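So you can see what is in the structure, the chains are spelled out below.
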Amino acid sequence: MENVLPILVADAPDALTELCGVNLLERLLRILQRLGFRRAIVFSSTPEIIGAELAKRSWAREQITPQLVPTAAKPVTARRILEQGQTARFLIVPANVYCDARLLAALAARNSPTVLVDSNPPQFVQHLIQNPSGPVLVTRDFLLTCSDSAPVVEELKQKIGAREIDAMDAAKLDDYIVSMRRRVRPLCFRAPQEQDRRLTERIILDSAQNGTLDLPAYLHAPIETAIISLLCKTRITPNQITIGGFVIGCSATAAFLAGRVGLGIIAALLFGIVDGLDGKQARVKIETTERGKWEHQLDYLIENSWWLAIAFNLWRSGQFPNVFYFLALLIASHLLAGFAKRRVKIARGRLLDDVAPFDRAFRLIAARRNIYVWVLAAGFLLGTFPQSYAIICGWAAVSAAVHLMRSVWICNVLRRRVVDSRA
């Protein structure tokens, strides 16, 4: 973020309230780093405690440098904020709040003094929301009009009451997240009381769940969330979970190659659950990295090694002499479906699986790894494993055809709209 300096006001113990394994101050710093900030000023009336926290090594915020400014003797005034840098705007955030990254990003993008409010919070969280919510963006010119001696918080309250500051309503922000295929309501609330801790942690855990899933994933989701509710309070990192998943995935490949189909299916089913844990852990604890984006490519490599290993074993054993033709159909179908989905994402700005009700319904049963594993498991239990492999290859072709037709339809509709708008 250019010309914006984050100002955190962090006082113990509220700023160190821990939710899902990360305290509020640490969470804010991690969010700010991922928004592109590389420096933050931390005002504190408890500098010894906050300083000790900031001194702890944290790989998840190693790219942002927090500068501690004690305030025990002097309050945080407009003058003290202006002394911290020559930037045009200041993003002031009390560190005793949980705040969605999208709200901070939208607030930092404002050019005029703006306070965050929430005019219509969800009912289950209404008692946690305060208005104004806490974070505020101010300009250098605005601070120059404030008193040099009065606490800036009091100055802000007066100007908010006099409506001299714009308001940004969290209830009116677009809450759709393309990568997660769902709407997630952005929230900002103060450090919860002990009786509300479970509720607030549930909010964070639920916000990490992807939407528009296939049928097996709907069964995996609550299991994954229950596991993450425990893992998030440990030092286990998303990358370590990815490595664990890689080992399980390779074990499935080895089992399929060796003809131990039952063991391979068990490992594949376990992989289906573990595969969702690293992303959830990263989102819950704000530990996302650029390297994490390559995890999907690793998953794709592993699952394709399964189909190849199964084909090789079926061919070697003589159970399915023509199996490699079906493997080629499977791979070609995946490439065609990938092309159709990329075309829609470019044209529509959404993933094909979440464009319309039909696409969301088809996603439930469309050809995907989880569906394949279930079909193969059923075939193994019924003693028709070679036939089940042929079925998943054929279903891949059907799914690819559906995705291609939907892609053509969606793009044509958009093209007609553009033509009509120019007419």
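Read on for an overview of the structure. (Residues numbered from 1 in each chain as written. Predicted model: local features only at pLDDT ≥ 70, side-chain atom pairs only at ≥ 80, totals over all residues. Heavy atoms only, no water.)

### A word on the environment of Pro 192
Inference 1: Looking at where Pro 192 falls in the secondary structure, it is placed in the loop between β13 (188-190) and α7 (197-207).
Inference 2: The spacing of Pro 192 and Tyr 98 is 94 residues in sequence and 9.1 Å in space, taken between C-alpha atoms.
Inference 3: When sequence neighbours within four positions are dropped, the list of residues in contact with Pro 192 reads Thr 17, Leu 19, Arg 197 and Thr 200. (Helix = DSSP H or I, 4+ residues; strand = E, 2+ residues; numbered from the N terminus. Contact = heavy atoms within 4.5 Å.)

### Some details on the pairing of strand β1 (residues 4-9)
Regular strands place their side chains on alternate faces of the sheet.
Inference 1: Within β1, five of the six residues are buried, which leaves the element mostly enclosed by the surrounding structure.
Inference 2: One ladder, built from six bridges, connects β1 with strand β6 (residues 89-94); its direction is parallel. Each residue of the ladder has a partner; that of Val 9, found in β6, is Pro 94.
Inference 3: With three bridges joining them, β1 and strand β4 (residues 39-44) adopt parallel strand pairing. Paired with Ile 7 across the bridge in β4 is Ile 41. (Buried < 20%, exposed > 50% of the residue type's maximum accessible area, 1.4 Å probe, protein only. Pairing = 2+ DSSP bridges.)

### Comments concerning the side chain of Gln 33
Inference 1: By the secondary structure assignment, Gln 33 is in helix α1 (residues 24-34).
Inference 2: A polar contact is formed between the side chain of Gln 33 and the backbone nitrogen of Glu 62, at a distance of 3.3 Å.
Inference 3: If we skip the residues at most four places from it in the chain, Gln 33 touches Arg 38, Ala 60, Arg 61, Glu 62, Gln 63 and Ile 64. (Polar contact = N/O pair within 3.5 Å; in protein donor to acceptor, adjacent residues only side chain to side chain.)

### With respect to the sheet that holds strand β5 (residues 65-70)
Inference 1: Spatially, the seven strands line up as an open sheet ordered β5-β4-β1-β6-β9-β8-β10, and their pairing is mixed. At either margin of the open sheet sits one strand with a lone partner, and together these are β5 and β10 (166-169). Taking each pair of neighbouring strands and ignoring which way they run, the sheet shows an average axis angle of 25 degrees.
Inference 2: Across four bridges, β6 lies against strand β9 (residues 136-139) in antiparallel orientation. Looking across to β9, one finds that Phe 90 is bridged to Val 138.
Inference 3: Here helix α4 (residues 101-108) sits on the sheet in contact with β1, β6, β8 (114-117), β9 and β10, set at roughly 150 degrees to β6. (Axes fitted to C-alpha atoms, helices over the stretch in contact; angles between N-to-C directions.)

### As for a nonpolar patch on the surface
Inference 1: A contiguous nonpolar surface patch, about 440 Å² in accessible area, is contributed by Leu 215, Leu 219, Leu 269, Ile 365 and Trp 374.
Inference 2: Within the secondary structure, Ile 365 sits in the loop between α14 (357-363) and α15 (369-382).
Inference 3: Look at Ile 365 and you get partly exposed, because its relative accessible area is 40%. (Patch = residues over 30% accessible without salt bridge, like charges linked within 9 Å, V, L, I, M, F, W, Y side chains within 5 Å. Areas by Shrake-Rupley, 256 points an atom, 1.4 Å probe, with all protein chains shown as cover. Salt bridge = Lys/Arg side-chain N within 4 Å of Asp/Glu carboxyl O.)

### Quick look at the packing of helix α8 (residues 215-231) against helix α11 (residues 277-284)
Inference 1: One way to put it is that α8 packs onto α11 with a least axis distance of 10 Å and a crossing angle of 50 degrees. Judged by the angle between their axes, α8 and α11 are oblique. Between α8 and α11 lies a crossing of right-handed hand. Between α8, through Ala 221, Glu 224, Thr 225, Ile 227, Ile 228 and Leu 231, and α11, the contact on the second element is made entirely by Leu 277, Lys 280, Gln 281 and Val 284.
Inference 2: Considering only residue class, the contact of α8 with α11 consists of six nonpolar, two polar and two charged. (Parallel < 35°, antiparallel > 145°, perpendicular 65-115°, else oblique. Left-handed = near helix turned anticlockwise from the far one by under 90°. Nonpolar A, V, L, I, M, F, W, Y, C, P; charged D, E, K, R; others polar.)

### What about the environment of Thr 234?
Inference 1: Mapped onto the fold, Thr 234 is located in the loop between α8 and α9 (238-257).
Inference 2: Considering only alpha carbons, one finds Thr 234 and Tyr 218, 16 residues apart in sequence, at a separation of 25 Å.
Inference 3: Among the polar contacts listed, one links the side chain of Thr 234 to the backbone oxygen of Leu 231, at a separation of 2.6 Å.

### Regarding the pattern of salt bridges
Inference 1: Per the counting criterion, the structure on display carries 21 salt bridges.
Inference 2: One salt bridge connects Arg 30 with Glu 287, and the closest N-O pair in it is separated by 3.3 Å. Of this pair, Arg 30 sits in helix α1 while Glu 287 sits in the loop between α11 and α12 (295-316); the two residues are 257 residues apart in sequence, bridging distant segments of the chain. Accessibility classification places Arg 30 together with Glu 287 in one group, the buried group.
Inference 3: Two residues, Asp 359 and Arg 406, come together in a salt bridge whose shortest N-O distance is 2.7 Å. Placement of Asp 359 in helix α14 and of Arg 406 in helix α16 (residues 385-422) is noted, with a sequence separation of 47 residues between them.
Inference 4: When its relative accessible area of 6% is taken as the criterion, Asp 359 is described as buried.

### What about the packing of aromatic side chains?
Inference 1: Scanning the entire structure with this criterion turns up nine aromatic pairs.
Inference 2: With centroids separated by 5.0 Å and ring planes inclined at 55 degrees, the aromatic side chains of Phe 320 and Phe 326 adopt a geometry described as tilted.
Inference 3: Given a relative accessible area of 29%, Phe 326 falls into the partly exposed group.
Inference 4: Look at Phe 358 and Phe 362: their rings are 6.0 Å apart centre to centre, the planes differ by 5 degrees, and that puts the pair in the stacked class. Note that Phe 358 and Phe 362 are positioned in helix α14 at a spacing of four residues, about one turn of the helix.
Inference 5: You can call Phe 362 buried: its relative accessible area is 11%.
Inference 6: One aromatic cluster is present, built from ring pairs that chain together Phe 271, Trp 306, Trp 307 and Tyr 372.
Inference 7: When the ring centre of Tyr 176 is taken as origin, the NZ or CZ atom of Arg 350, which lies over that ring, is 3.7 Å away. (Phe/Tyr/Trp six-rings, centres within 6.5 Å; stacked < 30°, edge-to-face > 60°. Lys NZ or Arg CZ within 6 Å of the ring centre and 35° of its normal.)

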